[in-house]
Each structure stands twice: as C-alpha cells, then as structure tokens.
Amino acid sequence: MKHLIHVAGLSLTLSLEAMAQGPTGFSALKLGMTKETIESLQVSQGVHLNSPMTAYQYKNGAPKEGVDKFNARLATPLSSEPVDAVLTFESSQLTELYINIPESSNMLERIKAQITEKYGAGKEENTMKEEQCIYKNGANFKLSSGALSTTWTETSSRTELIETNLSDIVIATCPSNLRYSIGPVKLRSINIRKIKPSTELKSKNLF
C-alpha cells in the first residue's frame, strides 16, 4: 500500500510539472519570497543581489497601501554586468519582478530560448509597424516601431495566475530635421507577476 501511495504521489508530481506553463521566478529568485530571503541569496544560486535594495522612487502615481517596491541590482549568469530590477512586495511576499534588459546584450534572446525550451513557445504579439520618412531634399527611408512580446501564464491557484511577459519595444519617429536625428529608443524587459484571473475566466460556465 505504501508503495502504491508513493507511486501515485510521484505520478501526481510529474503530472503537475508537465502541466506547468510558465516560470514562477528567475532562477533562485522566486515569487512568494520575503525581502530577507532574497537578501540572503548567494552567488552559487545563480541570481542574487549585487548591492542592497533601495526605496523605489515613484515618478507616476503614488504608493499603494500594503505594497512595497524596491529598486535592485541583480547579478545573473545571463549578463556580464548587473541588471536593474524593480521588486514589488505585498504582505511581505514578492508578487512582481521587473527586470530591465540591456539593449546591447543578447540577454533577451537567451531568456526567451531557455523559457521556450522548458515551457513552450508562449503567446506572441507583434505590433511592429513601418513608417515612411520622406523629405524635400529627396531623402527617403523607413522606420520600424512597435513591440514584440511573448507571454506565458502559469496557474498558481484557483484565484491566482503567474504571468511572465518578455517585451522588446522600439520607439522611432521620422525626425523633423535630418541634421539632428537620433536613433530609435529600445526598451527590453521581462516582467513576472502574480495576477487575478479575468472576470471572463471567473464567470465561465463550468458544465
């Protein structure tokens, strides 16, 4: 009987792993951790703090009651330099992890490859558009702008999901003066956060 229970338990564990549809953290840095646990992460664990967290400075909006946000610098094997991150805590637990990915690195491609290898391709969205820039002096060229994003969603519980969004945004507009034109602005990031299922999902017919 004990053997059968063990086998059944093992099968259930393997089934749950097979059903996983997305990350629940970034290497050793997991959602649900406390600030103290994150501060104790070691170099040997892959991802760890490069320096102490600092209070997040709100540029838009105001702090929400019960929510604590911190700026952080993370060391990771996927980048030769520490990367900037924002960690959000609710009820003393990490509920959102935002990492700014350096434009000059191949970190985004490496992250996408590793997540895809483990969880599948994810849901992709492409809003890239081309704009034709035409000038009186005969100059004529195209600019591309928009976003490429991939989303993975993991069911954490009946009332909670974990959403991972990998985003590559390009902001480019035709310059009014070619002499002072600047290149496109590129924003790359990965955001892992806990969310509540949508109202549509909650009210879905169960029969």
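Heads up: the structure comes first, above all this text.
Residues numbered from 1 in each chain as written. Predicted model: local features only at pLDDT ≥ 70, side-chain atom pairs only at ≥ 80, totals over all residues. Heavy atoms only, no water.

Peer 1: Just to check I follow, could you spell out the overall build of the protein for this structure?
Peer 2: When helices and strands are tallied, the protein shows four helices and eleven strands. At a minimum sequence separation of 6, the contacts of the protein that also span at least 24 residues come to 52%. Carbon and sulfur atoms make up 53% of the accessible area of the protein, which totals about 14,000 Å². (Helix = DSSP H or I, 4+ residues; strand = E, 2+ residues; numbered from the N terminus. Contact = heavy atoms within 4.5 Å. Areas by Shrake-Rupley, 256 points an atom, 1.4 Å probe, with all protein chains shown as cover.)

Peer 1: I would appreciate a short explanation of the packing of aromatic side chains in the present structure.
Peer 2: For any pair of aromatic rings, the description consists of the separation of the ring centres together with the inter-plane angle of the planes. Considering all chains together, one arrives at three aromatic pairs under this definition. Ring geometry for Phe70 versus Phe89: centroids 5.9 Å apart, planes at 75 degrees, classification edge-to-face. In this pair, Phe70 sits in strand 4 (residues 67–75) while Phe89 sits in strand 5 (residues 83–90), placing the two residues 19 residues apart along the sequence. With relative accessibility at 3%, the residue Phe89 sits in the buried group. (Phe/Tyr/Trp six-rings, centres within 6.5 Å; stacked < 30°, edge-to-face > 60°. Buried < 20%, exposed > 50% of the residue type's maximum accessible area, 1.4 Å probe, protein only.)

Peer 1: What's the story with the nonpolar core in this structure? I'm lost.
Peer 2: Within soluble globular proteins, side chains that are nonpolar generally end up buried alongside one another. In terms of nonpolar packing, the biggest core is built from 31 residues, with Leu29, Ile38, Leu87, Ile99 and Ile111 touching the most fellow members. Broken down by secondary-structure element, the contributors of at least two residues to this core are strand 3 (48–55), strand 4, strand 5, strand 6 (93–101), helix 3 (107–119), strand 10 (160–171) and strand 11 (185–195). Setting aside its immediate chain neighbours within four residues, Ile111 contacts Phe26, Leu78, Ile101, Leu166 and Ile190. (Core = buried A, V, L, I, M, F, W, Y, C linked by side-chain atoms within 4.5 Å.)

Peer 1: Would you mind going over the state of the cysteines with me for this structure?
Peer 2: Here, disulfide denotes a covalent bond that connects the sulfur atoms of two cysteines. Applying the stated criterion across every chain yields a total of one disulfide. The disulfide that involves Cys133 links it to Cys174, with 2.0 Å between the sulfurs. Residues Cys133 and Cys174 are joined by a disulfide whose S-S torsion is about -85 degrees; by sign, that bridge is left-handed. Here Cys133 is found in strand 8 (residues 129–134), whereas its partner Cys174 is found in the loop between strand 10 and strand 11, with 41 residues between them in sequence. A relative accessible area of 1% places Cys133 in the buried class. (Disulfide = S-S within 2.5 Å.)

Peer 1: I'm lost on a nonpolar patch on the surface in this one. Help?
Peer 2: A contiguous nonpolar patch, built from Ile171, Val185 and Leu187 and spanning about 240 Å² of accessible area, is present on the exposed surface. With respect to the helices and strands, the residue Leu187 is situated in strand 11. (Patch = residues over 30% accessible without salt bridge, like charges linked within 9 Å, V, L, I, M, F, W, Y side chains within 5 Å. Salt bridge = Lys/Arg side-chain N within 4 Å of Asp/Glu carboxyl O.)

Peer 1: Whenever I open this one, the pairing of strand 5 confuses me. Can you help?
Peer 2: Two faces, one strand: in a regular strand the side chains alternate between the faces of the sheet. Along strand 5, six of the eight residues are buried, which leaves the element largely enclosed by surrounding structure. For strand 4 and strand 5, the ladder comprises eight bridges, and the chain directions are antiparallel. The residue bridging Leu74 from the neighbouring strand is Val83, located in strand 5. Across six bridges, strand 5 lies against strand 6 in antiparallel orientation. Across the sheet, the residue bridging to Glu90 is Gln93, located in strand 6. (Pairing = 2+ DSSP bridges.)

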